[in-house]
Protein chains: 2
Amino acid sequence: MNHSLTEENYLKALFHLEKNMGEVSVNELSKNLDIKMPTVTAMMKKLSDKKLVAYQKYKPLKLTDKGRREAGLIIRKHRLTEMFLVEKMKIGWEEVHDIAEQIEHIKSTVLFEKMDELLGFPSIDPHGSPIPDRKGIMNKYSYRKLSDCKSGDRVKLSALINTSNEFLKFLNARFLKLGVKISINHVEPFDGSMNVSYSGRKNELLSHLVCEQILVE
Amino acid sequence: MNHSLTEENYLKALFHLEKNMGEVSVNELSKNLDIKMPTVTAMMKKLSDKKLVAYQKYKPLKLTDKGRREAGLIIRKHRLTEMFLVEKMKIGWEEVHDIAEQIEHIKSTVLFEKMDELLGFPSIDPHGSPIPDRKGIMNKYSYRKLSDCKSGDRVKLSALINTSNEFLKFLNARFLKLGVKISINHVEPFDGSMNVSYSGRKNELLSHLVCEQILVE
DNA sequence: ATAAATTGTTAGATTAGACTAACAAATTTT
DNA sequence: AAAATTTGTTAGTCTAATCTAACAATTTAT
Ligand SMILES: [Mn+2]
Ligand SMILES: [Mn+2]
Ligand SMILES: [Mn+2]
Ligand SMILES: [Mn+2]
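So, a few notes on the structure that sits alongside this text.

**A short note on the packing of helix H4 (residues 65-87) of chain B against helix H6 (residues 109-118) of chain B**
Packed helices, taken two at a time, are described by the angle between their axes plus the distance between the axes. Residues and elements named next belong to chain B. Running from amino to carboxyl end, H4 crosses H6 at an angle of 50°, the nearest separation of the two axes being 10 Å. Of the possible angle classes, the one that applies to H4 and H6 is oblique. Every pair of crossing elements has a handedness; the one defined by H4 and H6 is left-handed. In this structure, H4 uses Arg 76, Lys 77, Leu 80, Thr 81 and Phe 84 to contact H6, whose residues at the interface are Phe 112, Met 115, Asp 116 and Leu 118. Its residues assigned to classes, the contact of H4 with H6 comprises five nonpolar, one polar and three charged.

**Side note on the sheet that holds strand S2 (residues 154-160) of chain A**
Residue and element names in this part refer to chain A. Strand order across the open sheet formed by six strands is S1-S6-S2-S3-S4-S5, with antiparallel pairing between neighbours. The open sheet terminates on both sides in strands that have one partner only, identified here as strand S1 (144-145) and strand S5 (201-206). In terms of strand pairing, S1 meets strand S6 (residues 214-216) through two bridges, oriented antiparallel. Along S6, the bridge assignment pairs Lys 145 with Leu 215. The strands touched by helix H7 (residues 165-173) within the sheet are S2, S5 and S6, with S2 carrying the most contacts at an inclination of about 145°.

**Digging into the nonpolar core**
Counting 74 residues, the largest nonpolar core has Leu 111, Leu 146 and Ile 214 of chain A together with Leu 111, Leu 146 and Ile 214 of chain B as the members making the most contacts within it. The contacts of Leu 111 of chain A, once residues within four sequence positions are left out, are Ile 106 of chain A together with Leu 85, Met 89, Ile 91, Ile 99 and Ile 103 of chain B.

**With respect to the protein's contact with DNA strand C**
The full set close to DNA strand C counts 20 residues, and Asn 27, Lys 45 and Tyr 55 of chain A together with Ser 4 and Lys 46 of chain B are the nearest of them. In DNA strand C, the atoms that sit within 4 Å of the protein are 76% sugar and phosphate, with bases accounting for the remainder. Tyr 58 of chain A has a polar backbone atom sitting 3.1 Å from a phosphate oxygen of DNA strand C. Here a phosphate oxygen of DNA strand C sits 3.0 Å away from a polar atom, N or O, in the side chain of Thr 39 of chain B. Those elements giving two or more residues to the surface near DNA strand C turn out to be helix H2 (26-33) and helix H3 (37-49) of chain A together with helix H1 (5-21) and helix H3 (37-49) of chain B. Counted by class, the surface near DNA strand C contains 10 nonpolar, six polar and four charged residues.

**Some thoughts on the coordination of the manganese ion (ligand 3)**
All names here are of chain B. Protein coordination at the manganese ion (ligand 3) comes from His 78 (NE2), Glu 82 (OE) and His 97 (ND1), with a distance range of 2.0 to 2.2 Å. On the primary sequence, the residues serving as donors to the manganese ion (ligand 3) are separated as H-x3-E-x14-H. Of this pair, Glu 82 sits in helix H4 while His 97 sits in helix H5 (residues 96-103), and the two are 15 residues apart along the sequence. Residue class for Glu 82 comes out buried when judged on its relative accessible area of 2%.

Rules used throughout
Residues numbered from 1 in each chain as written. Chains lettered and ligands numbered in written order. Predicted model: local features only at pLDDT ≥ 70, side-chain atom pairs only at ≥ 80, totals over all residues. Heavy atoms only, no water. Axes fitted to C-alpha atoms, helices over the stretch in contact; angles between N-to-C directions. Helix = DSSP H or I, 4+ residues; strand = E, 2+ residues; numbered from the N terminus. Parallel < 35°, antiparallel > 145°, perpendicular 65-115°, else oblique. Left-handed = near helix turned anticlockwise from the far one by under 90°. Contact = heavy atoms within 4.5 Å. Nonpolar A, V, L, I, M, F, W, Y, C, P; charged D, E, K, R; others polar. Pairing = 2+ DSSP bridges. Core = buried A, V, L, I, M, F, W, Y, C linked by side-chain atoms within 4.5 Å. Buried < 20%, exposed > 50% of the residue type's maximum accessible area, 1.4 Å probe, protein only. Near = heavy atom within 4 Å. Polar contact = N/O pair within 3.5 Å; in protein donor to acceptor, adjacent residues only side chain to side chain. Donors = N, O, S within 2.8 Å, 3.2 Å for Na, K, Ca; no water.

This is how it looks when you write it as structure tokens:
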């Protein structure tokens, strides 16, 4: 129940890869963390000793229930922090991830309980991602991609797949943020780009690549 | 300009010992950090290479100006954090030190600038200790100890020498906090204990040991 | 079914930060 | 001044987390 910062980052990465890809290979985790494969193998054995990962040579990596719960709790701290930084400290949503990446490792129950309380027990972070509960359980959301919508649809921007600094700045420049109601005027059949309108902005053009990163309901 | 958490803790400890004791020995620093002397010697050499400590074999340890500035900046982050946790997050002053001990190592300018701004650029932390400025310079305060006051004095509780969890809980139990106006009714010559009154509490008895930990003006 | 490419493991080295044991210098006591 | 004590340094070991090089297993392509 007490892990190093390094172990925590491995758990978190594994959790996210499992969620997005299903089976996770040593190679994938290695690339994701930018850490060489032998180092990853060594850490998997260590986490296996701690019963956080079910490790078997040459088999896909799998978190144990315990490992998944612990990872969920770290992600909870990460997302509560991001929400706190945006809502209570007025830091831009494109700046909070790097700070949360560090604060998620702080050992303190009271700090995160206070954040939770002051935020009114939020269920999503500033990018629309779900905040795992106190047991580390994360609800998966069921939004669809903006790129899957059709001409005439009127939808609400609810979450993001890509939450990188660069993408968030791209959205800032176009006044796109969570909650914005988007009307799809036209979908260009050739490249899948969309002509959309939303609060104040008329006929904004969004590439297919961008529309694939945006989740709506 | 980029130090490990470990290096930062050494710098901070050195800073505090220099401030309180003047000359600092390897032995003192070793005891203070609860790290064996050979480890401390090794770290002093490392910090010497980084021009943060002026290290000479068998001589007292001395921070360089650079080292003192860097230490000041870490203490600044620590104390801004404590103030933020108490003022903005309503965490008890006896709980914030352990959290700040971790958050002081977070790498982020915006986080601490926001704290500073939201707090209205405070000059002291929740225990009355001065917050170093943006250059890492710390004003030393010129309060006197409650134990140095005499019968009939009316003073204001302004800072604490001991800021341990236990002492803070002791003060909590007696409703003693920063800003409280204390009237000294009587000083017992035998053991130096004081009979004092303050907002609501009449004839509270404080031992000499306790009075020595309280700074007033 | 082989061969080639990719993926994964093992072995051995490195760095940061800790330790103990042994020795040396400095300080204090006698 | 000599002896005893304390303080500080050096040398060598350990663990966590990283790496590279070499080899082995698995998967993919031919
Ligand atoms: Mn994030
Ligand atoms: Mn992290
Ligand atoms: Mn403190
Ligand atoms: Mn610290």
